[in-house]
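# Close look at the chain arrangement
Chain by chain, the residues run as shown.
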Amino acid sequence: MGTTPSTPAPAPEGAVETRGIEPVPDHERRGRVRELFPTWVAANISVLLLTMGAALVVSNGLNFWQVLLVAAIAAAVAFGMVGVLSVSGKWGGAPGAMLSRAAFGVRGNYFPGSILWVARFGWETINAVTGAYAVLTVLHLLFGIETNNALVVVTLLGFVAVTYVVSGLGRKALNVCNKYSTYLFGLFSIMVLVYLIATMDWDAVFAKKAGTTAMVIAGIGTIAAGGISWVPTGPDFARYLPHSASGKKIVGATVSGAALVLLPMVLMGGVMAVSNPGLAGRNTDPMSFLGTILPSWLAVPYLITALVGMVLINSLSMYSAGFTAQTMGVKLPRALAVSINAVISLVGGLFMMLVAKDFIGQFIAFLTLLAVSFSAWIGVYGVDMARRRKLAVRYDAASLMNTGRTSRYWYTGGYCWQAMTAWAVALVAGLCFTKVQWFTGPLATTWIGENGLGWAATIALAAVVFAVLPAARETVPAAGEGAPASADEPSAADRHPVEVN
């Protein structure tokens, strides 16, 4: 049985962030909404978006305007959810994995938390492999160095090590890196756009026939999957915002930051695929195509800038993974907890690059499973947020840290059975609608499965089931049984048992 930790709160934020999963007190909430914009720009600086955009043309058979439509809708839907759920970060001042205890119970949260943690391993592995391939491509373009197993190990180890260092520094360092990487990547992306405009056969681009509506819908799901994976992470980057921060501005900064990169990257990939259809079919190396489409003087600096972006993407992911690890009971400071993910991404990356070698196929399969696994959590968490907003019930800082019976979020034996039921039912149903190279669910041939909407069905089912089940009751401990309800003056709703979940 857990207890309320007695360790003092870390010192205020410095160059290296020392705060872990404990909620940020109001006097340290000095963040600004505008800081979220470069954060979500950096979170999307991935050359893999070019490959995914190419796949929309080659595999889905979409034309220019359909690719643009898919990218726009995917960015709005996926990062709209990221922005909305990020608002809970300013409400509770804690990471999403921690706030999730209020919905699932202090013990029940281990179940969805473990799924989210494992999914983070996969995402970080994909990013590490992509970064290593980018380094290998630059070495080949500049020095003619051919790839070999020893070089693969060295480049992957170097990428993971740099990622680990940057993520260990914390929020302040990440914000600075995100800001300047946004400027650099934006500059080189404009140069690539200008080059493509000047050299592409635009008659061939616009002459391509439109694909089917089914393929448009499926494409939206594929592109949105990457954004959906960031939803549980959103509160992590909003927890330093003051309570007065505008929720609408949080959503706006999140969506606009992501769309600024996602739209042109996916569209550029689609345009490149018209002249080089093999772009979407490279099973081993998703980066080397840039050396054949762009001249070296442009491909090399663009890849280097993108490499910085991929380091930041992985750093943001590892940063949040450290919180998830602590929430799961890992007794290490956040920076050291990140090391677990670093080691796993290194081992997984070596397997993908040296053994499996079917990178693109595994990447699409992983994205599909990632979207479903995160979606069950999103549906439950979103309903919990809506109820808290309606009843004006804040997250209780002491109870979030307390994993014992005196926690407000103990429910029944530490579990909120309503949330657990909704999550489990939706997760199983979502997997039934899923078809990837590893397995095919029994409902994968239905309209939902064929159109790649398993993730949307999962969110809807989790939300509906959780909403219709009897609401659980949060119980405030009797006087003397637990720690104070909050560092802030509790509202009237905080002082009495209320139905929230």
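Thresholds, definitions, all that
Per-chain numbering applies: the sequence of each chain, read as written, is numbered from 1 onward. Side-chain atom pairs in this predicted model are given and counted only at pLDDT of 80 or more, local residue features only at pLDDT of at least 70, and totals for whole chains, interfaces and linings cover all residues. With hydrogens and water excluded, all non-hydrogen atoms of the structure serve as input to the side-chain values. Every helix listed is a DSSP run of H or I at least four residues long, and every strand listed is a run of E at least two residues long, numbered separately from the N terminus. Any residue under 20% of the maximum accessible area for its type is buried, any over 50% is exposed, and the rest in between are partly exposed; the area is computed with a 1.4 Å probe on protein chains only. In this description, contact between two residues means that some pair of their heavy atoms is separated by no more than 4.5 Å. Shrake-Rupley sampling with a 1.4 Å probe provides the accessible areas, and residues are treated as covered by the protein chains on show and by no other component. Paired rings are identified among Phe, Tyr and Trp, the last through its six-membered ring, by centres lying within 6.5 Å, and are further divided according to the angle between planes into stacked (under 30 degrees), edge-to-face (over 60) and tilted (the rest). Confidence scores per residue from the predictor, reported as pLDDT, run from 0 to 100. What a helix is expected to span follows from its residue count: subtract one and scale by 1.5 Å. Any carboxyl oxygen of Asp or Glu that lies within 4 Å of a side-chain nitrogen of Lys or Arg is treated as forming a salt bridge with it. Grouping into patches uses exposed residues only, defined as over 30% relative accessible area, and leaves out salt-bridged ones; the cut-off is 9 Å for like charges and 5 Å for nonpolar side chains (Val, Leu, Ile, Met, Phe, Trp, Tyr). Among buried residues, the Ala, Val, Leu, Ile, Met, Phe, Trp, Tyr and Cys ones that are joined through side-chain atoms within 4.5 Å form a nonpolar core. Note on method: axes are straight lines fitted to C-alpha atoms, helices fitted across the in-contact stretch only, with angles between N-to-C directions ranging 0 to 180 degrees. An angle below 35 degrees is read as roughly parallel, one above 145 as roughly antiparallel, one from 65 to 115 as roughly perpendicular, and any other as oblique. Each helix crossing is assigned a hand: it is left-handed if the near helix lies turned anticlockwise from the far helix by less than a right angle, otherwise right-handed if that turn is clockwise. Three residue categories are used. Nonpolar comprises Ala, Val, Leu, Ile, Met, Phe, Trp, Tyr, Cys and Pro, charged comprises Asp, Glu, Lys and Arg, and polar comprises the others, including Gly.

### Comments concerning the overall build of the protein
Counting its regular elements, the protein contains 20 helices and two strands. Counting all 501 residues of the protein, 57% fall into the buried class. Counting contacts in the protein only where the partners sit at least 6 residues apart, residues at least 24 apart contribute 86% of the total. If you sum the accessible surface of the protein, you get close to 19200 Å²; carbon and sulfur atoms cover 68% of it.

### Examining the packing of aromatic side chains
Summed over all chains, the structure comprises 10 aromatic pairs. Ring geometry for Trp40 against Phe237: centres 5.8 Å apart, planes inclined by 90°, an arrangement best described as edge-to-face. Of the two residues, Trp40 sits in helix α1 (residues 36-42) while Phe237 sits in helix α11 (residues 234-238), which places them 197 residues apart along the sequence. Note on Trp40: relative accessible area 1%, which makes it buried.

### A closer look at the confidence of the model for the protein
For the protein, the average pLDDT comes to 81, and 82% of its residues sit at 70 or higher. Predicted confidence is poor over residues 1-14, with pLDDT under 50, and the contacts of this stretch with residues over four places away or in other chains come to 25 contacts. Low pLDDT, under 50, characterises residues 479-498; the predicted model gives this stretch 35 contacts beyond four residues in sequence or across chains.

### Digging into helix α6 (residues 110-143)
In this model α6 runs 49 Å from its N-terminal to its C-terminal C-alpha over 34 residues, within 8% of the 50 Å that 1.5 Å per residue would give. Gly144, located one to two residues past α6, shows a positive phi value of around 70°.

### A few points about the pattern of salt bridges
Applying the stated criterion across every chain yields a total of three salt bridges. Residue Arg388 is joined to Asp384 by a salt bridge in which the shortest nitrogen-to-oxygen separation is 2.9 Å. Pair noted here: Arg388 and Asp384 are both in helix α16 (residues 359-391), with a separation of four residues, about one helical turn. Taken as a pair, Arg388 and Asp384 share a single burial class, namely buried. Of the charged contacts in the structure, one is a salt bridge between Arg388 and Glu474, with a shortest N-O distance of 2.6 Å. Placement of the pair is Arg388 in helix α16 and Glu474 in strand β1 (residues 473-474), with a sequence separation of 86 residues. A residue is classified by how much of its surface remains accessible, and Arg388, at 2% relative accessible area, is buried.

### Considerations on a nonpolar patch on the surface
Together, Leu69, Ile73 and Val77 make up a nonpolar patch on the protein surface, roughly 210 Å² of accessible area in all. Inspection of the secondary structure assignment puts Ile73 in helix α3 (residues 64-92).

### Let's talk about the side chain of Thr125
Structurally, the position occupied by Thr125 is in helix α6. Beyond its immediate sequence surroundings of up to four residues, Thr125 is in contact with Ile344, Ser345, Gly348, Gly349 and Met352.

### Some words on the nonpolar core
Membership of the largest hydrophobic core comes to 140 residues, with the highest contact counts inside it found for Ile228, Trp230, Leu290 and Tyr302. The biggest single contributor to this core is α16, with 14 residues. Filtering out sequence-adjacent residues up to four positions away, Tyr302 remains in contact with Leu50, Phe185, Phe188, Ser189, Val192, Met265, Met268, Leu290 and Leu294.

### Describing the packing of helix α18 (residues 417-432) against helix α20 (residues 454-468)
When two helices pack together, you describe them by how their axes are tilted relative to each other and by the distance separating the axes. At a minimum axis distance of 8 Å, the contact between α18 and α20 shows a crossing angle of 155°. With respect to each other, α18 and α20 are oriented roughly antiparallel. For the pair α18 and α20, the crossing hand works out as right-handed. Here α18 contributes Gln418, Ala419, Ala422, Val425, Ala426, Leu427, Ala429 and Gly430 to the contact with α20, which in turn contributes Gly454, Thr458, Leu461, Ala462, Val465 and Phe466. Counted by class, the contact of α18 with α20 contains 10 nonpolar, four polar and no charged residues.

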